[in-house]
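Structural features, examined
Listed here are the chains, written in short residue letters.
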Amino acid sequence: MSPLTPALISYWQRLPAESAATRRKSLDATRERVRSGLEAAALVPFALGDVDESIVASATHAYVAAAMAATSGVELVEPVAEAAEWIRRGLALNRGAVFGALLALDDARAVERLAALRLLLSATEVEVACRVLGSSPGPLALGFLRDWADLVAEGPLQRERLALHAVIGAGCRAQAA
């Protein structure tokens, strides 16, 4: 059994009884312990086991950042690849938030990983990813969103297209300002 399994089970048992605010405080405390030397893996239960998009996005971002720090910032590929697997394999309860957090890195390697996953997301997950990304996506993320919107322009994925165009429009306005 993976050492992550008991941590996830414990997290899921606490989930219904703890408010999002309490879980955010717990995430903040865990992030501080990770900065002080605890393994980045301590953040994974928050990224995989929570449903709150801000908690999942923060935990995903903190996990990638901590894993990068552990390798002196040299190796972004491995933590991004691992988080992308959470999406691909349906391990994260909130795949849209993980996707948005990775896209917010505005990193070419992350964008490359996400390109293969974008059509796996439901309309709701696309909307979550767009909310997590926010109104000021970086240039790589904005290009990715444009390509994605073009990909779904013709066909049944209109709800996804609308969510993408909302972020693209906000991103273009933010970059022009």
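I will try to describe carefully the structure that is included in this document. Everything numeric here is computed off the predicted structure, so don't read it as measured data.

The rules we used
- Residues numbered from 1 in each chain as written.
- Predicted model: local features only at pLDDT ≥ 70, side-chain atom pairs only at ≥ 80, totals over all residues.
- Heavy atoms only, no water.
- Helix = DSSP H or I, 4+ residues; strand = E, 2+ residues; numbered from the N terminus.
- Buried < 20%, exposed > 50% of the residue type's maximum accessible area, 1.4 Å probe, protein only.
- Contact = heavy atoms within 4.5 Å.
- Areas by Shrake-Rupley, 256 points an atom, 1.4 Å probe, with all protein chains shown as cover.
- Salt bridge = Lys/Arg side-chain N within 4 Å of Asp/Glu carboxyl O.
- Axes fitted to C-alpha atoms, helices over the stretch in contact; angles between N-to-C directions.
- Nonpolar A, V, L, I, M, F, W, Y, C, P; charged D, E, K, R; others polar.
- Polar contact = N/O pair within 3.5 Å; in protein donor to acceptor, adjacent residues only side chain to side chain.

A few points about the overall build of the chain
In terms of helices and strands, the chain carries 10 helices and zero strands. In the chain, the order of α-helices and β-strands from amino to carboxyl end is α-α-α-α-α-α-α-α-α-α. A buried classification covers 42% of the 177 residues belonging to the chain. Look at the contacts in the chain between residues 6 or more apart in sequence, and 67% of them connect residues 24 or more apart. As presented, the chain carries roughly 8800 Å² of accessible surface, and 56% of it is formed by carbon and sulfur atoms.

A few points about the pattern of salt bridges
All told, the structure shown has nine salt bridges when counted by the stated rule. We note a salt bridge from Arg-14 to Glu-18, for which the minimum N-O separation is 3.3 Å. Assessed through its relative accessible area of 30%, Arg-14 is described here as partly exposed. For the salt bridge of Glu-125 with Arg-95, the shortest nitrogen-to-oxygen distance reads 2.9 Å. With Glu-125 in helix α8 (residues 123-133) and Arg-95 in helix α6 (residues 95-104), this pair connects stretches of sequence that are 30 residues apart.

Looking at the packing of α6 against helix α7 (residues 108-115)
At a minimum axis separation of 8 Å, α6 and α7 run at an interaxial angle of 145 degrees. Across the interface between the two elements, Phe-99, Leu-102 and Leu-103 of α6 pack against Ala-110, Val-111 and Leu-114 of α7. For the contact of α6 with α7, the per-class residue count stands at six nonpolar, no polar and no charged.

A short note on the side chain of Arg-95
For Arg-95, a relative accessible area of 14% gives the class buried. Polar side-chain contacts of Arg-95 include one of 2.8 Å to the backbone oxygen of Leu-120. In this structure Arg-95 touches Ile-87, Gly-90, Leu-120, Leu-121, Ser-122 and Glu-125, once residues within four positions along its chain are discounted.

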